[in-house]
Every structure is written in structure tokens, then in C-alpha cells.
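# An overview of the molecular structure
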Amino acid sequence: MSHYLVTGATGGSTSGAAAPNRLEINDFVKQEDQFSLYIQALQYIYSSKSQDDIDSFFQIGGIHGLPYVPWDGAGNKPVDTDAWEGYCTHGSVLFPTFHRPYVLLIEQAIQAAAVNIAATYIVDRARYQDAALNLRQPYWDWARNPVPPPEVISLDEVTIVNSSGEKISVPNPLRRYTFHPIDPSFPEPYQSWPTTLRHPLTDDANASDNVPELKATLRSAGPQLKTKTYNLLTRVHTWPAFSNHTPDDGGSTSNSLEGIHDSIHVDVGGNGQMSDPSVAGFDPIFFMHHAQVDRLLSLWSALNPRVWITDGPSGDGTWTIPPDTVVGQDTDLTPFWNTQSSYWISANVTDTSKMGYTYPEFNNLDMGNEAAVRSAIAAQVNKLYGGPFTKFAAAIQQPSSQVTADASAIGNVTSDASSHLSDSKVNPTPNRGIDDAPQVELVSTVRNDEQKEFWEWTARVQIKKYEIGGSFKVLFFLDSVPSDPKGWATDPHFVGAFHGFVNSSAERCANCRRQQDVVLEGFVHLNEGIANISNLNSFDPIVVEPYLKENLHWRVQKVSGEVVNLDAATSLEVVVVATRLELPPGDIFPVPAETHHHHHITHGRPGGSRHSVTSSSS
């Protein structure tokens, strides 16, 4: 049989780039020609194609999980009927690289439809044909813009320019996907829902989205997303720690790419499809989200140019990869055919320009000069996501007298260098708005001729993946826990969450049940919450430690909203970690100097540390 080769989009050009740019969605919706073609192309692969067509949205979305059938002959039956039967590689070193040809596939299908649509234009045909060649899958930079534009999240209709040059309103395919028909493999409640839903209000067939709750949840998650992304890009330097959410942070006290990715799935979906791996691929926002994941892979690779995939365990396995085996850079990324007889592999997805796309941060860079690329991308990362760390770096460039003056202006500070004190301008009223989110200025008062430092506080979370029975959150609060769980994720005392992105139908995966000891790991950053809520004016351990012991709280909640008793989450362990960061002369990013696990802060409480004595490393 002849296979559908995954080649990606072809043609087009972006000035200063080796291939056309993928654009951030807030910029993309302003490109009238590309956006008009994209909307029409999406609608075409949604409804003009049968769900049995290999390049239909349903078939491409179904690669991720259900309906657990082969795609284009990539394994006529699952290699292990007791394993996870989707193709996606979660909890594996293959996670970042698997999704690269996956997004390439949807990009290819969309562009193919767009090229045909552009040829029908009777007004400005050349313009739209050129736009079709430049059309690439947009990405949603949730670390910078946590709430997507209305065209993605709330509008049921969008305005486009049709083939006659008229501006018309059409149904918005980014809002939801309508099944035709609902696949019989879907379990409840998905079997009852004719469309994809985000934060559905009920489980019945007439369920609808709760857009205000969705927006509020994403807005509240914004500060944490930015910090998690910055730490991922600047503190993680090994592939195992970068690639997936299993325990191995490489000493970085930072989340993995997959771990941050998981949080978006859970926060976008609520109790809808996006929060369940078996059906997440059918939500139109899925590929926009994964284009961002792919962009972060590109940025991280530029900052770590000699680091790529290393061998590791296959986790739950997939349709074609047995569980409990070793995978690596030469493992087939099924079901994505590269030639008629071979699949894409991780070793040949390192250069996106050869796959037909680039990202704007790389425009006008000499890609053959690793040092120059790393320096330029580092500057972009500091600008986009650095926040307080950028202020920290800028402060040490100043004369000592000026630093002291600046620090004094920010808050009531001392100049005792031995205290490693970091001060903040405290906003006494936590505010989680998009444009007026907490703006915490952090400047250390520690100053010498060689380096400057401050303390970063995080809560490390470890929990067995399948213990809760589906996707869930571990939510953290300072001072008090609201009485109404419905408002937990948006309450002013909420400071961040760890997310588990877990198949809700584990009974379909015997290996999921068999691997009850698989553990997830992630980190919730506490500095911003401490600065905005505690009024401590310091991150010094002697001050923060007793405060957290008294005021740090956590709860476990399923995506359905159901609260899980902490005594029932027996595998949960929360450990508070303090990391002293320095910026040595000439370094681009802060680096950890020493790390202390303050076990006694949480020890003795349900879900707290199993140890009671502080441990240190440097």
C-alpha cells in the first residue's frame, strides 16, 4: 500500500528565515489573508471530509488516543493489548520529538486545503495564493498570553474574507469540533457530547462550555506559567529532565516540558476532552498548544545546542512501542511516515527549517554560529519570560551604591550580606488580571564584586500517576484555603498548582493498572505568592521557613471538581525546596548555588514530606 508521507507545509518564505514562520495566535488572527484561509481550511478538514479519510481532522486527532485504531498501516494491531493503545508517547523521552511530526501532519493537511481554497479566489487571487504558501500552524504562547484571543476561546463566529473579496461571518472552527458521528469507542461522558467542550457545566448531552470559568482559570495560572517556562528554559540542561514528567529534575527544581504541557491540558479542558489524553486530540486548541510546546523545544535546543534525546524507558508504551522497553533517538515515531518504507525518528527532527517552518525568535540569526544563536535566544527568553530574574540580572550591572539605593527604594531592607536577603515591593491585594497581574519586583540586597544572589522557593510534588483516577490538580494556597472548592483555582490565596494529565478510562489500559507505581513529579513556584500575600518583605529562609510551615496549604481536586481527601492520596508527597541563585560574572541566566529541602515545613501533615530533617546540596 502507498503511505501518506508526512512532509509538512511547503513553499513560502519569511524574510531573514530559512523557512516561513509559525506565528503566535494573537499575531496570526491579525493576518487577514492567512487567517481567512486557515478558518476555511480547518472547516474543510472538519466537515467536508469523512471521518474515515486519512487526512481528516478526526483521523489526525485520533492518532493521539481513541479510537485506538491503526493510522495508515502503522501497526495493524496494538503491539501489547494490555498497554496504552494510542500512539502518543507520554512519560517518555520521546515526548517532545513525537509531537514534532504530529504538528507537521496537521500543518500539511491544513495547507493542502488552503492552497485549493486560494485557487478559487476571484479577488486578490495572487495575494491569497501567496498567503496559502506561507500558511503555517499558529502557536499559542500561553507563558506570555495565558488567555487566548476571542477567536480561539469565545467567538462562535469569526469574520473572514471569502473568495469574492467580501467580509463575512462564518462558524468558528477553533471554538469546537463537531463529531459526525460520535465514535462508538468513546466512553461517557464523551459519548453523549456531539462536540468538544471546555469546562463543561454538566455531563449530559446538552452540556455547554463555561467560558468565564475557563478564562479566569487561565488568567490565574498566568504568573505560574511564565515562571515555570523561564525555569525550564534556563535551569534544565539534561534531556531526561527536560523531556518528560517522570521524577528526574536534574537538580534544577524546575518542571519538565511535558509537565508544563500537562497543566495547559488540564486547565483548558476542565472536565472536557482536552484534559483527557484519550480524546484531547479532538479539541481544536490541541495543535495550537502543541505548536507552542514545539517552539519551546526549539528555544531550549538553541540554549543547549549539544543536548538531544538520550535513551530512556518507554513508560506505558503505545500502539507500536511495548511498555517497559528502552527508546531513543532511532526509535520510530509511529505513525508518521517519512518515506514509503520508514518513519520519522528523533535523530532527524532537529532542524525545523528542513521540515518547512521556523519561529520568529530565530529570524535574521546565523544558524551556523551556535554561540551567537544561544546569546540571541537567551536575550529573547529573558525579555519574554524573565520577569523578576531580569530585574535581578540588571541590578548587578549597577554600581554597589546604586543597587543599595534601588533596593532601599523597593522596600524596607537591610544590607546584611550574610542574610542573603531578597526584598520585594509587596502588592497587598493579590490581583490576577491579564493586564494587571501581580508585578513583583525582586532585587537582592546582597552585593559583592563577584556575584549577586537571592532565594527561590518551590514546592516539589510527587504522586502516583493513576492513584486519583483521571486528571487532577494539587492546588497550593497561602494563609487560608477557601471554603468553596469551585473557586479554588481563582482565589487570591491560590498561588499555583501541579497538574496530572491522566487517562480517565484506565480500565482500557491494563498496563496503566499494572503500573500503579509510576510517579509524576513537578514543581510549584512560591516566590510570587509569598511576595503578594505574606507581607514578609524577605525571601530569607529564617523568615520564610516559619511562615510556610504555618501558612502553606494544599488540596487535591479532580477535573470534575470533586475534592480528593488528602488521606486518600497516600502517594502524595509535598516537599518545600529553597534554592539560592547566583548570577556569576558573564553568565546569561541565574544559576543554583545551593539547594535546601525543608522537609519539616510539610512533615507530619497528610501529603507532606516523609522526612523531617532539612537536607542540602550544592
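On a predicted model such as this, the values are computed, not experimentally measured, just so you know.

What the protein contains, in helices and strands, is 16 helices and 17 strands. Taking all 618 residues of the protein together, the buried fraction comes to 60%. For the protein, the proportion of contacts with a sequence separation of at least 24, taken over those separated by at least 6, is 71%. For the protein, the computed accessible surface area is about 22400 Å², with 49% contributed by carbon and sulfur atoms.

A few words now on the packing of aromatic side chains. In the structure shown here, the tally under the stated rule is 33 aromatic pairs. What links up through ring pairs into an aromatic cluster is the set Tyr 46, Phe 57, Phe 58, Phe 98, Tyr 102, Tyr 177, Phe 179, Phe 186, Phe 282, Phe 286, Phe 287 and Phe 336.

Time to look at the nonpolar core. Of all hydrophobic cores here, the largest spans 117 residues; its most connected members are Leu 37, Trp 140 and Trp 142. Look past the residues within four positions of Trp 142 in its chain and what remains in contact with it is Leu 225, Thr 229, Ile 260, Ile 264, His 289, Gln 292, Val 293 and Leu 296. Ranked by size, the runner-up nonpolar core spans 35 residues in total, among them Trp 455, Ile 463, Tyr 466 and Ala 578.

Between Glu 188 and Pro 189 the backbone carries a cis peptide bond, its omega angle lying at 5°. Tracing the chain through its elements places Pro 189 in the loop between strand S2 (167-171) and helix H7 (211-235). With omega at 10°, the peptide bond leading from Thr 334 into Pro 335 counts as cis. Phi is positive for Asp 124, close to 55°, though the residue is something other than glycine.

With that out of the way, let us pick up the UniProt feature "domain: Tyrosinase copper-binding" (unreviewed entry) in the protein. In the numbering used here, UniProt assigns the "domain: Tyrosinase copper-binding" (unreviewed entry) feature to residues 90-107 and 283-294. End-to-end, the C-alpha atoms of residues 90-107 are 22 Å apart, and along that stretch the chain is 72% helix and 0% strand. Within residues 283-294, the helical portion is 83% and the strand portion 0%, while the C-alpha atoms at the span's ends are 18 Å from each other.

Moving on: helix H2 (residues 32-48). The end-to-end C-alpha distance of H2, which contains 17 residues, comes to 23 Å, matching closely the 24 Å that a straight helix rising 1.5 Å per residue would cover. Listed as buried for H2 are Asp 33, Gln 34, Phe 35, Ser 36, Leu 37, Tyr 38, Ile 39, Ala 41, Leu 42, Ile 45 and Tyr 46.

Attention shifts here to the sheet that holds strand S10 (residues 472-478). What the 4 strands build is an open sheet, ordered S11-S10-S13-S14; its pairing is antiparallel. The open sheet has two free edges, formed respectively by strand S11 (494-500) and strand S14 (563-564), since each of these has just one partner strand. Both strand S13 (residues 552-558) and S14 contribute to a ladder of 2 bridges, which runs antiparallel. Bridging from a neighbouring strand, Gln 557 pairs with Val 563 of S14.

Time to look at the pairing of strand S9 (residues 453-464). Burial runs high along S9: 11 of the 12 residues are buried. Alignment of S9 against strand S15 (residues 573-582), held across 10 bridges, turns out to be antiparallel. By the bridge assignment for S15, Phe 454 is matched with Leu 581. Bridge count between S9 and strand S12 (residues 519-525): 7 bridges; the pairing is antiparallel. Counted as the bridge partner of Lys 464 is Val 519 from S12.

Within the fold, Ser 314 resides in the loop between strand S3 (312-313) and strand S4 (326-327). Residue class for Ser 314 comes out buried when judged on its relative accessible area of 6%. Within the local environment of Ser 314, its side chain forms a polar contact with the backbone oxygen of Pro 322, the two atoms lying 2.8 Å apart. For Ser 314, the residues in contact, after removing those within four places along its chain, are Ser 92, Ile 321, Pro 322, Pro 323, Asp 324, Thr 325 and Val 327.

Our focus in this paragraph is the packing of helix H4 (residues 95-118) against helix H5 (residues 125-134). Where H4 contacts H5, the two axes come as close as 9 Å, and the packing angle between them is 175°. As the angle between them shows, H4 and H5 are arranged roughly antiparallel. Residues Gln 111, Ala 114, Val 115 and Ala 118 of H4 touch H5, and the partners they reach there are Arg 125, Tyr 128, Gln 129, Ala 132 and Leu 133. Tallied by class, the residues present in the contact of H4 with H5 amount to 6 nonpolar, 2 polar and 1 charged.

In this section: the environment of Asn 338. Along the chain, Asn 338 turns up in the loop between strand S5 (332-337) and strand S6 (343-345). Sequence-wise, Asn 338 and Val 6 are 332 residues apart; in three dimensions their C-alpha atoms are separated by 5.9 Å. Filtering out sequence-adjacent residues up to four positions away, Asn 338 remains in contact with Leu 5, Tyr 343, Trp 344 and Asn 348.

Moving on, we come to the pattern of salt bridges. Here the idea is simple: oppositely charged side chains can pair when their charged atoms come close. Following the criterion strictly, the structure yields 22 salt bridges and no others. A salt bridge links Arg 22 to Asp 294; its shortest N-O distance comes to 3.5 Å. Taken together, the residues Arg 22 in the segment before helix H1 (25-28) and Asp 294 in helix H10 (residues 285-303) connect sequence positions 272 residues apart. With relative accessibility at 0%, the residue Arg 22 sits in the buried group. Among the ionic pairs, Arg 127 bridges to Glu 32, the shortest N-O distance being 3.6 Å.

Rules of the game
Residues numbered from 1 in each chain as written. Predicted model: local features only at pLDDT ≥ 70, side-chain atom pairs only at ≥ 80, totals over all residues. Heavy atoms only, no water. Helix = DSSP H or I, 4+ residues; strand = E, 2+ residues; numbered from the N terminus. Buried < 20%, exposed > 50% of the residue type's maximum accessible area, 1.4 Å probe, protein only. Contact = heavy atoms within 4.5 Å. Areas by Shrake-Rupley, 256 points an atom, 1.4 Å probe, with all protein chains shown as cover. Phe/Tyr/Trp six-rings, centres within 6.5 Å; stacked < 30°, edge-to-face > 60°. Core = buried A, V, L, I, M, F, W, Y, C linked by side-chain atoms within 4.5 Å. UniProt positions renumbered as here; feature names shortened; annotations may be inferred. Expected span 1.5 Å × (residues − 1). Pairing = 2+ DSSP bridges. Polar contact = N/O pair within 3.5 Å; in protein donor to acceptor, adjacent residues only side chain to side chain. Axes fitted to C-alpha atoms, helices over the stretch in contact; angles between N-to-C directions. Parallel < 35°, antiparallel > 145°, perpendicular 65-115°, else oblique. Nonpolar A, V, L, I, M, F, W, Y, C, P; charged D, E, K, R; others polar. Salt bridge = Lys/Arg side-chain N within 4 Å of Asp/Glu carboxyl O.

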